[in-house]
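Report on the structure
Listed below, chain by chain, are the residues.
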Amino acid sequence: MQTPEIVGKPSPKRSQTSVVYTVGLHNRDDDAGENAEESSSFTRRDVYTRRLHKRLPAIVRKRRIYHVRKRVPHGLIKTIGKREIWKSLRTDSESEARRRSHAVIAEIEQKLEQARLSIGLTVDPTLLQPLSQRSDQSLHTVENSTLARRGEVAEEKTISVGAVLERFLADPTQDWSPRTRLAYETTSRFMISMIGASTPIGHMTRAACREFLETLRFLPKNASRSFPDLTPKQASDYARSTGYENVISPSNANIYINKVCVVLNWAVREGYLERNHLKGLRLADPIARVDKRLPFSHLQLEAMFNAPLFTGCQDDELGYAKAGGKRPRGTRFWVILIALYTGMRLNEICQLDTADVRAFEGIACFSVSERSLVGTDDKHLKTRSSERVVPIHPDLLSLGILDFVEQRNDAGHDKLFFDICAGQDGFRSTAFSKWFVLFLIHAKAREPKTSFHSFRHLFRDALRQAKVSREIAMILGGWGTGTKSGLDVADYYGKGFEISVLAEAIEKLSFDHINALRALITSSKR
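Residues numbered from 1 in each chain as written. Predicted model: local features only at pLDDT ≥ 70, side-chain atom pairs only at ≥ 80, totals over all residues. Heavy atoms only, no water.

**Some thoughts on unusual backbone geometry**
Condition: Burial status follows relative accessibility: with a 1.4 Å probe on protein chains alone, a residue under 20% of its type maximum counts as buried, one over 50% as exposed, and anything between as partly exposed. Each helix is a run of DSSP H or I of at least 4 residues and each strand a run of E of at least 2, with the numbering of both proceeding from the N terminus.
Unusually for a residue other than glycine, Lys444 sits at a positive phi of about 55 degrees. According to the relative accessible area criterion, Lys444 is exposed, its value standing at 72%. Backbone geometry at Lys467 places phi at a positive 60 degrees, although glycine is not the residue there. Mapping Lys467 onto the fold places it in the loop between α23 (454-465) and α24 (470-477). The exposed category is assigned to Lys467, whose relative accessible area is 70%.

So this is what it looks like as structure tokens:
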């Protein structure tokens, strides 16, 4: 159990010479009023006046969130039903906790006073009144100060959705990658279009969240383009009433819900919401995760490597899909082959520096890392486990990958695939992914549930067929090392596998069943 941290601890020097009485710090007046004789031995010199003033009321931090903790007077424990009353201040900021604590303490005092009244004790009529009705101006000042945020007095529940999103995106504690930030910026625009920027965040009740879910359920794909004159809500209502079937999938809808949940969870932590009513709401997805994306079939692979890009085309530009006498071995040629033999993610391939193809322990490898030996700063990895070294397959060596790298070096290019431009999101994979869809269409190799990422699924299957151990497979593919990966604590110990062991696993991979690819490799060896 986590021990609460008490705000305003005394200095070590002073705590060595005196004792702080908890009774004195909690409800001194209350206990004295009902147990005067028992409390008479408590003297002023026993309490640190400086600490008492600094810490009043008792604020503690538990699981990073500040709370008010007030001890119930002994004579009221039976009536209240507990020894302590805890109230969350819904913030991890100490200064905000101090400001909010006054109103919370006033509520607790009112509850205690009502308990005294119920058992016939003398009470203070002022404390029984709601805060808004108390005539003491100082109480109004305290109430307003707890609601103040950077000098602005506002009801937390009336702050708009747009304002919350703006503060969420500007929060300096968010440690996001560029792609993650882009995702939340997109989520913010989506929330505003669905809910409205001026809608108070407090209106996000359970009923409102269920309505949000229903709107997502029937939202047409590319609604802003398909129905430019309709709001998302109107487009969803239209699709529901007319039976329009081209709507977003449950998995995509749940992605939106997950992102919005992150925003609402943040709003709860910051005190803008009492709770996240969207939590637990998801659309049932009839498609199993394993069936969402498939590896390329044998027919697709034959069609790809029988395409003019690999057998002879007019050029490596617009004529890549037209038969011709040229066999360019440029970016498009190598990106596809590297994906087949390494299982690397598309952006991991597209962002490679020329220096990332080098020898480790005397073995030619691809280095997948955010670090750059040549000073480039555009490399990003999906997870920490994505950083790895992948030995180069003998087939790639036979096809001349090292000659291609040397040509790039001689030409003075820091990026191996410098001719792939970054998309609007800053990732080079964006542009290549769009081109690859066209390539599949021209090669008559496009099938449902397959995309460039299908190479990664194909690579995993190839490792299974080669009987490569799961642990080595996870390392070669840069797959996560959490509970879903099947690895345990012992797998984090030691230095890991030698490159020669990884190279041996890579060499076991065989794609000889792809006739067009085998012919390409054979012709390269002549």
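**Section: the packing of helix α18 (residues 331-342) against helix α22 (residues 429-442)**
For the record, the criterion: Axis definition: a line fit to C-alpha positions, over the contact stretch in the case of helices; interaxial angles, taken between N-to-C directions, run 0 to 180 degrees. For classification purposes, an angle smaller than 35 degrees is called roughly parallel, one larger than 145 roughly antiparallel, one from 65 to 115 roughly perpendicular, and anything else oblique. Residue contacts are defined here by distance: any two heavy atoms, one from each residue, within 4.5 Å place the two residues in contact. By the convention adopted, Pro, Cys, Tyr, Trp, Phe, Met, Ile, Leu, Val and Ala count as nonpolar, Lys, Arg, Asp and Glu as charged, and the other residues, Gly among them, as polar.
Here α18 crosses α22 at 90 degrees, and the two axes come no closer than 12 Å. Classified by the interaxial angle, the pair formed by α18 and α22 is roughly perpendicular. When α18 is examined against α22, the residues Thr331, Arg332, Val335 and Ile336 are found in contact with a partner set consisting of Phe432, Trp435, Phe436 and Phe439. Residue classes in the contact of α18 with α22 are distributed as six nonpolar, one polar and one charged.

**Regarding helix α25 (residues 499-507)**
Put simply, the rule is: The arc in question is the one spanned by the directions pointing from the helix axis to the C-beta atoms.
Looking at α25, one finds that the buried residues are Ile499, Leu502, Ala503, Ala505 and Ile506. Considered in projection along α25, the buried side chains sweep an arc of 160 degrees and stay on one side of the axis. Residues of α25 that are buried make contact with α18, β7 (357-360), β8 (363-368), β9 (388-391), α23 and α24.

**With respect to the nonpolar core**
Worth spelling out the cut-off: Among buried residues, those of type Ala, Val, Leu, Ile, Met, Phe, Trp, Tyr and Cys that are joined through side-chain atoms within 4.5 Å constitute a nonpolar core.
In terms of nonpolar packing, the biggest core is built from 70 residues, with Phe305, Phe436 and Phe439 touching the most fellow members. The dominant element in this core, judged by the number of residues it contributes, is α18, at nine residues. Apart from residues lying up to four places away in sequence, Phe439 is in contact with Met304, Ala307, Leu309, Phe310, Tyr320 and Ile336. With 35 residues, the next largest nonpolar core counts Val164, Cys209, Ile257 and Leu278 among its residues.

**Comments concerning the packing of aromatic side chains**
Note the cut-off: To pair, rings of Phe, Tyr and Trp, with the six-membered ring standing in for Trp, must have centres within 6.5 Å; the planes then decide the type, stacked if under 30 degrees apart, edge-to-face if over 60, and tilted in the middle. Lysine and arginine charges are scored as sitting over a ring when NZ or CZ, respectively, is within 6 Å of the ring centre and within 35 degrees of the ring normal.
Using the criterion set out here, one finds 24 aromatic pairs in the structure. Judged by centre distance (5.6 Å) and plane angle (75 degrees), the ring pair of Phe168 and Trp266 falls under edge-to-face. Of this pair, Phe168 sits in helix α10 (residues 161-170) while Trp266 sits in helix α15 (residues 250-269), placing them 98 residues apart in sequence. The residues Phe168 and Trp266 share a single accessibility class, namely buried. Aromatic pair Phe432 and Trp435: ring centres 5.1 Å apart, planes at 50 degrees, arrangement tilted. Here Trp435 and Phe432 lie together in helix α22, a separation of three residues that amounts to about one turn. Of the two residues examined, Phe432 and Trp435, each falls in the buried class. A cation over an aromatic ring shows up here: Lys62 above the ring of Trp86, its NZ or CZ 5.4 Å from the ring centre. When the ring centre of Tyr184 is taken as origin, the NZ or CZ atom of Lys259, which lies over that ring, is 5.7 Å away.

**A look at the pairing of strand β3 (residues 65-71)**
Stated precisely, the cut-off is as follows: At least two bridges found by DSSP between two strands is the condition for calling them paired.
Counted residue by residue, β3 has six buried out of seven residues, so it is predominantly covered. Of the strand pairs in this sheet, strand β2 (residues 59-62) and β3 are connected by four bridges, and their pairing is antiparallel. Its bridge partner being in β3, Ile59 is matched across the sheet by Val68. Taking the residues that link successive antiparallel strands as the turn, the β2-β3 hairpin has two residues, and the phi of Arg63 there is positive, at about 55 degrees. Sheet topology places β3 next to strand β4 (residues 84-88); five bridges connect them, and they run antiparallel.

**What about the pattern of salt bridges?**
Using the following cut-off: Any carboxyl oxygen of Asp or Glu within 4 Å of a side-chain nitrogen of Lys or Arg constitutes a salt bridge here.
Evaluated as defined, the whole model comprises 21 salt bridges. Of the charged contacts, one joins Glu109 and Lys70 as a salt bridge, the two residues approaching to 3.2 Å between their closest N and O atoms. Of this pair, Glu109 sits in helix α7 (residues 94-118) while Lys70 sits in strand β3, placing them 39 residues apart in sequence. Assessed through its relative accessible area of 10%, Lys70 is described here as buried. The salt bridge involving Asp353 is made with Lys379; its shortest N-O contact spans 3.7 Å. Here Lys379 lies in the loop between β8 and β9 and Asp353 lies in the loop between α19 (346-350) and β7, a separation of 26 residues in the sequence. As far as the burial class goes, Asp353 and Lys379 line up, both buried. Salt bridges sharing common partners tie together Asp353, Asp356, Arg358, Asp378, Lys379, Lys415 and Arg428.

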